[in-house]
Amino acid sequence: MLARPDTYRCIECGLPYQASGFSYYHGELEQGPAYWTDRGILCSPKCSLAHYRKRAADGTLQQAPAPDPFEVQTVTRR
């Protein structure tokens, strides 16, 4: 089985989602994480900036906004 990062941890520091210190959209857990990228969720402005700087240095910045990682996607079947 392939190893993959835990989708419910900050991809920069590893802080678990719902842990003390994790930033939520509008400060509410029910609203989901305040920061995310196409590679996962981020726990704070500090980790968001660190992730941005790493991607800028690597030349892999996102070209479009990433979809909300906690939004339920419905598939329409025909």
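Treat the numbers as computed from the prediction; the structure is a model and nothing was measured.

A. Spatial organisation of the overall build of the chain. Helix and strand content of the chain: one helix and two strands. Going from the N terminus to the C terminus, the chain shows its helices and strands as β-β-α. As displayed, the chain has an accessible area near 6300 Å², and 52% of this comes from carbon and sulfur atoms.

B. How the structure looks around the side chain of Ser-44. For Ser-44, the location among the structural elements is in the loop between strand E2 (40-42) and helix H1 (45-58). Exposure remark for Ser-44: the relative accessible area of 13% places this residue in the buried category. Leaving out residues up to four positions away in the same chain, Ser-44 has contacts with Ser-23 and Tyr-35.

Basis of the calculations
- Residues numbered from 1 in each chain as written.
- Predicted model: local features only at pLDDT ≥ 70, side-chain atom pairs only at ≥ 80, totals over all residues.
- Heavy atoms only, no water.
- Helix = DSSP H or I, 4+ residues; strand = E, 2+ residues; numbered from the N terminus.
- Areas by Shrake-Rupley, 256 points an atom, 1.4 Å probe, with all protein chains shown as cover.
- Buried < 20%, exposed > 50% of the residue type's maximum accessible area, 1.4 Å probe, protein only.
- Contact = heavy atoms within 4.5 Å.

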